[in-house]
Amino acid sequence: MFRYQIVIEYEGSNFSGWQIQKKGKTIQGLIQKKISKLLKQKIILQGAGRTDSGVHAKAQSAHFDCSNKINYLNKFLKSINYFLNKDGISILQIKKKNKNFHARFSAKMRIYKYIIINRLSAPVLEKNRVWHITKKLDLKLMRRGTKKLIGTKDFSTFRSSSCRANSPIKTIYLVKIKSSKNKIEIEFRSQSFLQQQVRSMVGCLKYLGEKKWSLKKFENVIKSKKRTLCAPPAPPEGLYLSRVSY
């Protein structure tokens, strides 16, 4: 058997998320089906992260095993993208890997980015790809809030009720806010995240930026470990799985 890693870009608006489900069109399901058809054998695709419905990826990582060596990788890329591009998916790279590589368990860092357009007028060119917020956000206060998220903590406040992670304790290595004109980009780095953790943290940072919450209130919500105290999660369309490092 031969193992291959693929790096995937996708627009998640028309999908029910990454992971295969009984109902709904998924990214994993579609890619798995098309590769199986192309290689004329059933393959199982393993992804690095299970992005939710509506979430995008600039560089999702996945792997699969197949019985025959793929001799012409560029030809494979061209062929598979012929079937996937019309659905908003593109395979950017394919690399041969040894059997020790696992897209999910070998990952050392996952980088997510959340994009906000902060202006009165709704975005047209970036519709379904950003969160449009009309009320002016206090970026200085939000940046002070990001410092409260960094480190090893119990992130139960930001954990979805359907999250199946063994522990709510995660280590956030970096949270950084960049802004240019009306666009705000928030970057999060961790080895792994809880389900809806990033979107929930962004939702709370928005409350802070709108001054609905004080910095003390924000800190108390984190420490409470109570999901009921969390602000509404940010919508999925502003979230991108930006990169997975090994």
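The structure this text deals with has already been given above.
These lines cover the structure that appears in this document, whether it is placed above or below.

Each value, and the rule that gives it
Residues numbered from 1 in each chain as written. Predicted model: local features only at pLDDT ≥ 70, side-chain atom pairs only at ≥ 80, totals over all residues. Heavy atoms only, no water. Helix = DSSP H or I, 4+ residues; strand = E, 2+ residues; numbered from the N terminus. Buried < 20%, exposed > 50% of the residue type's maximum accessible area, 1.4 Å probe, protein only. Contact = heavy atoms within 4.5 Å. Areas by Shrake-Rupley, 256 points an atom, 1.4 Å probe, with all protein chains shown as cover. Lys, Arg positive; Asp, Glu negative; His and termini not counted. Charge placed at Lys NZ, Arg CZ, Asp CG, Glu CD. Polar contact = N/O pair within 3.5 Å; in protein donor to acceptor, adjacent residues only side chain to side chain. Axes fitted to C-alpha atoms, helices over the stretch in contact; angles between N-to-C directions. Parallel < 35°, antiparallel > 145°, perpendicular 65-115°, else oblique. Left-handed = near helix turned anticlockwise from the far one by under 90°. Salt bridge = Lys/Arg side-chain N within 4 Å of Asp/Glu carboxyl O. Phe/Tyr/Trp six-rings, centres within 6.5 Å; stacked < 30°, edge-to-face > 60°. Lys NZ or Arg CZ within 6 Å of the ring centre and 35° of its normal. Core = buried A, V, L, I, M, F, W, Y, C linked by side-chain atoms within 4.5 Å.

1. Regarding the overall build of the chain
Scanning the chain for helices and strands turns up five helices and ten strands. Along the longest, intermediate and shortest principal axes, the C-alpha atoms of the chain span 60 × 40 × 30 Å. Counting over 246 residues, the chain shows a buried share of 51%. Partitioning the intrachain contacts of the chain with sequence separation of at least 6 by distance along the chain shows that 69% fall at a separation of at least 24. Of the roughly 12,900 Å² of accessible surface on the chain, a fraction of 49% belongs to carbon and sulfur atoms. For the chain, the distance from the average site of its 53 positive side-chain charges to the average site of its 13 negative ones is 5 Å.

2. Quick word on the environment of His-56
Among the structural elements, His-56 can be located in strand E3 (residues 56–66). Along the primary structure His-56 and Gly-17 are separated by 39 residues, whereas in three dimensions their C-alpha atoms are 9.0 Å apart. Not counting residues up to four positions away in its chain, the partners in contact with His-56 are Tyr-10, Glu-11, Gly-12, Ser-13, Asn-128, Arg-129, Glu-237, Leu-239, Tyr-240 and Leu-241. Side-chain polar atoms of His-56 contact the backbone oxygen of Asn-128, separated by 3.0 Å. Only 3.0 Å separates the side chain of His-56 from the backbone oxygen of Glu-237, close enough to count as a polar contact.

3. Notes on the packing of helix H3 (residues 139–147) against helix H4 (residues 197–209)
The contact between H3 and H4 brings their axes to 8 Å, and the two run at 140 degrees. Compared by their axis directions, H3 and H4 come out oblique. Our pair here, H3 against H4, has a crossing hand that is right-handed. Residue-level inspection shows Leu-141, Met-142, Gly-145 and Thr-146 of H3 in contact with H4, the latter providing Leu-205, Leu-208 and Gly-209.

4. Remarks on the pattern of salt bridges
In total, this model carries 15 salt bridges according to the counting rule given. The partner of Glu-219 in a salt bridge is Lys-223, with the nearest N and O atoms 3.6 Å apart. With a gap of four residues between them, Glu-219 and Lys-223 both fall in helix H5 (residues 215–224), about one helical turn apart. One continuous salt-bridge network, built from bridges that share partners, spans Lys-113, Lys-178, Glu-185, Glu-187 and Arg-189.

5. What to know about the packing of aromatic side chains
Scanning the model with the defined rule gives nine aromatic pairs in all. Ring geometry for Tyr-82 and Phe-83: centres 5.3 Å apart, planes at 80 degrees, overall edge-to-face. Exposure remark for Phe-83: the relative accessible area of 27% places this residue in the partly exposed category. Looking at Lys-58, its charged tip hangs above the ring of Tyr-240, at a distance of 5.3 Å from the centre. Positioned over the ring face of Phe-101 is Lys-97, at 5.1 Å from the centre of the ring.

6. Focus: the nonpolar core
Counting 66 residues, the largest nonpolar core has Ile-6, Ile-31, Phe-64 and Ile-186 as the members making the most contacts within it. For this core, the element with the highest residue contribution is H4, accounting for seven residues. When neighbours within four sequence positions are excluded, Ile-6 is seen to be in contact with Ile-31, Ile-35, Leu-45, Gln-60, Ser-61, Ala-62, Phe-64, Ile-91, Gln-93 and Ile-94.

7. Let's talk about the environment of Ile-20
As for its placement among the helices and strands, Ile-20 is situated in the loop between strand E1 (2–10) and helix H1 (27–39). Judged by its relative accessible area of 40%, Ile-20 falls in the partly exposed class.

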